[in-house]
Amino acid sequence: LCLQVPELEKATVRIRQPERVREIIQSLREQGVAKLQVISDFDMTLSRFGCNGRRCPTSHNILDTSRVVSEDGKKKLKDLLHYYYPIEIDPNRTLEEKCPLMVEWWTKAHELLVQQKIHKSDIAQIVRESEVMLRYGHGDFFDQLHKNNIPLFIFSAGIGDILEEIIRQANIFYSNVNVVSNYMDFNDDGVLTHFKRPLIHTYNKNNTVLQGTGYFQQLSTRTSIILLGDSMGDLTMADGVPSVENILKIGFLNDKVEERRGKYLDSYDIVLESDETLDVVNGILRYILTE
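What this report covers is the structure whose coordinates are included nearby. A quick note: this is a predicted structure, and the numbers were derived from the prediction, not measured. (Residues numbered from 1 in each chain as written. Predicted model: local features only at pLDDT ≥ 70, side-chain atom pairs only at ≥ 80, totals over all residues. Heavy atoms only, no water.)

**Description of the sheet that holds strand β9 (residues 224-229)**
Spatial strand order, β1-β11-β10-β9-β2-β5-β6: seven strands in an open sheet with mixed pairing. At either margin of the open sheet sits one strand with a lone partner, and together these are β1 (13-14) and β6 (177-182). Here strand β10 (residues 246-253) runs beside strand β11 (residues 270-273); their pairing, made up of four bridges, is parallel. The residue of β11 that forms the bridge with I250 is I270. Helix α7 (residues 160-169) contacts β5 (152-159) and β6 of the sheet and is inclined by roughly 130° relative to β5. (Pairing = 2+ DSSP bridges. Helix = DSSP H or I, 4+ residues; strand = E, 2+ residues; numbered from the N terminus. Contact = heavy atoms within 4.5 Å. Axes fitted to C-alpha atoms, helices over the stretch in contact; angles between N-to-C directions.)

Spelled out as structure tokens, the structure:
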């Protein structure tokens, strides 16, 4: 397989069942471009986890740490993060335990943001001033999908308005890109009043929050899937697809690599450890898309 996709030789790549992965990639190629769709998380999957030893911000962080949030608001949001984030990534807690706590976290964070009376007109500038970075190779990734009319579905527990602005400013918000995320609602004066429902957190990225969108039904012929994520919660993102024939799950393991490696290798077909690029994904796409 490395002959066809040389990027799989990178030191960051781990695969538990190489033979199975080879078969899936082969099937994706045989099924052809007309059957392919890509489903991806955004924060820390399409965007970078870190740079030069510093963490890069998520779409929530961009807002939380921006000039439109008061010092008191920043402190409260940080306290929430320090309390709930360890719960989110705790490998010893069950999903049943985590879910209500994630709802609690997102709800409290959104309520705090609403109190800040954020203006819609500030969002573009907030993103411009932030330290957000998309992964190396993002241009190639978005371009390849767009040129070949392959739908890209971004399913994010982040903030949709911020996320869309990031890809807009990178000039890659093409017509084949569809986003489902947490969106803000502004009043007639352009002030944030609440967040639209349904609430999307790390562990409910599945059919329950997609009901009524009909997105995957329109793509019922797209039965080949490449799924990209960085958490256990991302593994259910394709649950709404009517009849999956082939699915290749690629996981970015960004944090606490040693203790989480086993779980990721059990769940994802390909695990990319501390890899800030989309090289492997682009290599696989190139192979699938070449005649």
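**A short note on the pairing of β10**
In terms of residue burial, β10 counts as a mostly covered element, since six of its eight residues are buried. A crossover links β10 with its parallel partner β11, the connecting element being helix α9 (residues 257-267), and its sense is right-handed. (Buried < 20%, exposed > 50% of the residue type's maximum accessible area, 1.4 Å probe, protein only. Right-handed = clockwise from strand over helix to strand, strands pointing away.)

**What about the packing of aromatic side chains?**
Aromatic ring pairs are defined here through the distance separating the ring centres and the angle between the ring planes. The final tally for this structure, using the stated rule, is nine aromatic pairs. Judged by centre distance (4.5 Å) and plane angle (25°), the ring pair of F153 and Y215 falls under stacked. Here F153, found in strand β5, pairs with Y215, found in helix α8 (residues 215-218); they are 62 residues apart in sequence, far enough to count as distant. We classify F153 as buried; its relative accessible area is 0%. You can call Y215 buried: its relative accessible area is 9%. Members of the aromatic cluster, joined through ring pairs, are Y83, Y84, W105 and W106. (Phe/Tyr/Trp six-rings, centres within 6.5 Å; stacked < 30°, edge-to-face > 60°.)

**Quick notes on the pattern of salt bridges**
Counted by the stated rule, this structure contains 25 salt bridges. In this structure, E104 engages K108 in a salt bridge whose closest nitrogen and oxygen atoms are separated by 3.9 Å. Of the two residues, E104 and K108 both sit in helix α4 (residues 95-115), four residues apart, roughly one turn of that helix. Residue classification places K108 among the partly exposed positions, given a relative accessible area of 36%. Connected through shared salt-bridge partners, R14, E258, R261 and E273 make up one network. (Salt bridge = Lys/Arg side-chain N within 4 Å of Asp/Glu carboxyl O.)

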